[in-house]
Amino acid sequence: QVQLVESGGGLVQPGGSLRLSCAASGNIFSINVMGWYRQAPGKERELVASITTYGSTNYADSVKDRFTISRDNAKNTVYLQMNSLKPDDTGVYYCKLSTTSRLNYWGQGTQVTVSS
C-alpha cells in the first residue's frame, strides 16, 4: 500500500505564493512520475505539472513561468512552488504517483484558494 500526504495549501491573495509538498510512503517500488493535478469547482481534474525520476518536467500552459515542480528522490517527496497566483488557480490540488508498472496512486487533496 502506498500513502501520499499533501501539505501546504491555504488561502492567499492574488500575486502571492504557496509551496505544496507531497510525501510518499509505504510499499514504493519503481517510482516513475510524480505530479500535481488540480480540480476547480464544476471542472474536470487537470494536470498542473509532472516530473520524472530523472528530472524531466512538464507543465500546463496556464502555469508555465509561474509554477516550479521539483522532487527529492531520497525522500520520495515532490514539491510545487506556486508564484504569481491568480484566482483561476483556485482548486483542490492532488498529488499523483505513477510507477513503472503503471500503477497510479493519489493523495487526498489540498485546497488552494486565491482571493482578495
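Here's a quick rundown of the structure. (Residues numbered from 1 in each chain as written. Predicted model: local features only at pLDDT ≥ 70, side-chain atom pairs only at ≥ 80, totals over all residues. Heavy atoms only, no water.)

Before going further, it helps to spend a moment on the packing of aromatic side chains. Under the criterion given, the structure shown has one aromatic pair. Measuring from centroid to centroid gives 5.0 Å for Tyr 37 and Trp 106, while their planes differ by 65 degrees, and the two rings are edge-to-face. Within this pair, whereas Tyr 37 is found in strand S4 (residues 31-39), its partner Trp 106 is found in strand S10 (residues 104-106), the two being separated by 69 residues in sequence. A residue is classified by how much of its surface remains accessible, and Tyr 37, at 19% relative accessible area, is buried. Judged by its relative accessible area of 36%, Trp 106 is partly exposed. Directly above the ring of Tyr 94 sits Arg 45, whose terminal nitrogen or CZ lies 3.7 Å from the centroid. (Phe/Tyr/Trp six-rings, centres within 6.5 Å; stacked < 30°, edge-to-face > 60°. Helix = DSSP H or I, 4+ residues; strand = E, 2+ residues; numbered from the N terminus. Buried < 20%, exposed > 50% of the residue type's maximum accessible area, 1.4 Å probe, protein only. Lys NZ or Arg CZ within 6 Å of the ring centre and 35° of its normal.)

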